[in-house]
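# Remarks on the overall topology
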Amino acid sequence: MPDLLSPLSVQGLTLRNRIVMPPMWSGQATPDGLITPAIVEYHRRRAASGCGLVIVEHAFVHPRGRHSSTQIGVHADAALDGLTRLASAIRQEGAAACLQISHAGSRGSSRLIGAPLLAPSAVRHPGEPEGEIPEAVPEAMVPEIVRAFGDAAVRAQAAGFDAVEIHAAHGFLLGQFLSPLTNRRDDQYGGAVEHRARLHLEVLAEVRARLAPGTPVFVRLGAHDEMPGGLELDDACWTAGRLAEGGACLIDVSGGLQGSRGVGKGPGYFVPYAQAIKAVVPVPVMVTGGLGEADLADRVVREGRADLVGVGRAMLNDPDWAGKAIARLSTARRAG
Ligand SMILES: Cc1cc2nc3c(=O)[nH]c(=O)nc-3n(C[C@H](O)[C@H](O)[C@H](O)COP(=O)(O)O)c2cc1C
């Protein structure tokens, strides 16, 4: 049975172990969304500690999909230089580099984007009590959003990233489409789960079609909204199955329409969701959330409950987390 330190091959991409730096916004981009030296160093440092995969923080794919003024962008060719430096720094340290591509939907601000916020329906985001009421995405605008994800993926590949991750969690645009709380549409993108997940599948198909054949595409999928009336695990399992059929080669399980940080929850709070999704997809499954204790992260992999483990805040607080975990687990293996 593999453990946290076992290599893993994901669609031809070999990871030296199953420790992942999950996407974590660093708040250090320029006002144009460009990469700064501080962002390169933030990711390089954690790659150097030994993790197998670094998934770079969410990058907006379209100017109207921007979340914050300090978020990085992959919306224009002007972003390419900085992204190239970033991918190269991560890869030179021996980790695989993946870029998370995202549209924030109603989790932005109209002042920032200079236009009304977009969302599946004109419903205030339940995770943003002070948030603005967005405009419902007109059906005719969907192709522009889909294309923006494809353009972003092409840029990520041109910049040298090994993989891209489509962000479909944490109540951003794709999460908003999947959630019955924020999607009240009565067209082909609303209603039953097969309609609410349509945009996910269109975005995935576009990204796959636009990248070189065989390029790994991951999806970070919110498995549960953790809100009454919200998305539940059954619908997430169905969606994960269709995403895997559509060519997603890794499902990165997270959750929470208003965030993923498991306030008040115990260790490994999304592991049961990952385990449920792993039972229905033939591709590797990653889980993140309260797994900052190396022995626990290792156990999750050894027990076959997930294939990779993301370590967020613990790695934020200690850039050497991966190196220490590797040393600790290697010593324990030798002793035992
Ligand atoms: C400062 C910070 C920024 C984050 N930014 C992102 C992001 O850009 N994309 C994303 O999918 N998740 C983001 N997350 C969520 C983390 O990837 C992770 O899922 C969450 O922190 C739970 O894992 P942990 O308990 O190991 O911290 C962020 C979390 C933190 C703490």
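Worth saying up front: this structure is predicted, and the values here are computed from it rather than measured.

Moving on, we come to the overall build of the protein chain. Within the protein chain, the regular secondary structure consists of twelve helices and 13 strands. Taken against the 2.2 N^0.38 rule, which gives 20 Å for 336 residues, the C-alpha radius of gyration of the protein chain at 19 Å falls within 12% of a compact globule. If you line up the protein chain on its principal axes, its C-alpha atoms span 60 × 40 × 40 Å. A total of 336 residues make up the protein chain; the buried ones form 54% of that total.

Here Arg261 lies in the loop between strand S11 (250-254) and helix H9 (271-278). For the pair Arg261 and Gly312, spaced 51 residues apart in sequence, the C-alpha to C-alpha distance is 9.3 Å.

With that settled, consider the nonpolar core. Core analysis: the biggest nonpolar cluster contains 101 residues, and Cys98, Ile101, Val164, Ala248, Ile251, Val253 and Val309 have the highest contact counts within it. In this structure Cys98 touches Leu53, Ile55, Val56, Phe161, Asp162, Ala163, Val164, Glu165 and Phe218, once residues within four positions along its chain are discounted.

To continue, consider the site of the ligand. Around the ligand there are 23 residues in total, and Pro22, Pro23, His58, Gly312 and Arg313 lie nearest to it. Counting residues per element, the ones that place at least two in the shell around the ligand are strand S4 (53-60) and helix H11 (313-317). Counted by class, the shell around the ligand contains eight nonpolar, eleven polar and four charged residues.

Right, let's get into the packing of helix H8 (residues 233-245) against H9. Packing of H8 against H9 brings their axes to within 9 Å, and their N-to-C directions diverge by 45 degrees. By the criterion of interaxial angle, the relationship of H8 to H9 is oblique. Like other packed secondary-structure pairs, H8 and H9 cross with a definite hand, here right-handed. On the side of H8, the interface is formed by Leu233, Ala236, Cys237 and Ala240, while H9 contributes Tyr273, Ala276 and Ile277. Among the residues making up the contact of H8 with H9, the classes are represented as seven nonpolar, no polar and no charged.

Attention shifts here to helix H2 (residues 80-92). Spanning 13 residues, H2 covers 18 Å between terminal C-alpha atoms, matching the ideal 18 Å at 1.5 Å per step. Among the residues of H2, Gly82, Leu83, Leu86, Ala87, Ala89 and Ile90 are the ones counted as buried. For H2, the buried positions fall inside an angular range of 160 degrees around the axis, keeping them on one side. Turned more than 90 degrees away from the buried face of H2, the exposed residues are Asp81 and Gln92. Residues of H2 that are buried make contact with helix H1 (37-48), S4, strand S6 (96-102) and helix H4 (142-158). Looking at the residues trailing H2, positive phi occurs at Gly94, about 95 degrees.

Another point: H1. For H1, spanning twelve residues, the distance from its first C-alpha to its last is 16 Å, which sits close to the expected 16 Å at 1.5 Å a residue. Within H1 the residues assigned to the buried category are Ile39, Tyr42, His43, Arg44, Arg46 and Ala47. Residues of H1 that are buried sit in contact with strand S3 (19-21), S4, strand S5 (72-73), H2, H11 and helix H12 (321-335). Once H1 ends, the next one or two residues include Gly50, with phi positive near 125 degrees.

Right, let's talk about the packing of H4 against helix H7 (residues 198-210) for a bit. Geometrically, a packed helix pair is captured by the angle between its two axes and the distance between the axes. One way to put it is that H4 packs onto H7 with a least axis distance of 8 Å and a crossing angle of 40 degrees. Accordingly, the angle class assigned to the pair H4 and H7 is oblique. In this structure, H4 meets H7 at a crossing whose hand is right-handed. Along the contact surface, H4 presents Val142, Val146, Arg147, Phe149, Gly150, Ala153 and Val154, while H7 presents Leu199, Glu202, Val203, Glu206, Val207 and Arg210. In terms of residue class, the contact of H4 with H7 is made up of eight nonpolar, one polar and four charged.

You will see that His170, though not glycine, has its phi angle at about 60 degrees, which is positive. Following the sequence through the fold, His170 ends up in the loop between strand S9 (163-168) and helix H5 (173-178). Its identity as a non-glycine residue notwithstanding, Glu226 has a phi of 60 degrees, on the positive side. Residue placement: Glu226 occurs in the loop between strand S10 (217-222) and H8. With 21 C-beta atoms packed within 10 Å, Glu226 lands in the buried category.

This part takes up the pairing of S10. Two faces, one strand: in a regular strand the side chains alternate between the faces of the sheet. Burial analysis of S10 places six of its six residues in the buried class, the great majority of the element. Of the two faces of S10, the one carrying Val217, Val219 and Leu221 and the one carrying Phe218, Arg220 and Gly222 are both buried. Bridge count between S9 and S10: five bridges; the pairing is parallel. Bridging across to S10, His167 finds its partner in Arg220.

With burial as the criterion, each face of strand S12 (residues 285-288) is covered, one bearing Val285 and Val287 and the other bearing Met286 and Thr288. The pairing of S11 with S12 spans three bridges and is classified as parallel. Paired with Ile251 across the two strands is Val285, which belongs to S12. The pairing of S12 with strand S13 (residues 308-310) spans three bridges and is classified as parallel.

Parameters and conventions
Residues numbered from 1 in each chain as written. Predicted model: local features only at pLDDT ≥ 70, side-chain atom pairs only at ≥ 80, totals over all residues. Helix = DSSP H or I, 4+ residues; strand = E, 2+ residues; numbered from the N terminus. Rg over C-alpha atoms; globule rule 2.2 N^0.38 Å. Buried ≥ 20, exposed ≤ 12 C-beta atoms within 10 Å, placed from the backbone. Core = buried A, V, L, I, M, F, W, Y, C linked by C-beta atoms within 7 Å. Contact = placed C-beta atoms within 7 Å. Near = placed C-beta within 6 Å. Nonpolar A, V, L, I, M, F, W, Y, C, P; charged D, E, K, R; others polar. Axes fitted to C-alpha atoms, helices over the stretch in contact; angles between N-to-C directions. Parallel < 35°, antiparallel > 145°, perpendicular 65-115°, else oblique. Left-handed = near helix turned anticlockwise from the far one by under 90°. Expected span 1.5 Å × (residues − 1). Arc of directions from axis to C-beta. Pairing = 2+ DSSP bridges.

Structural measurements only, silent on function.
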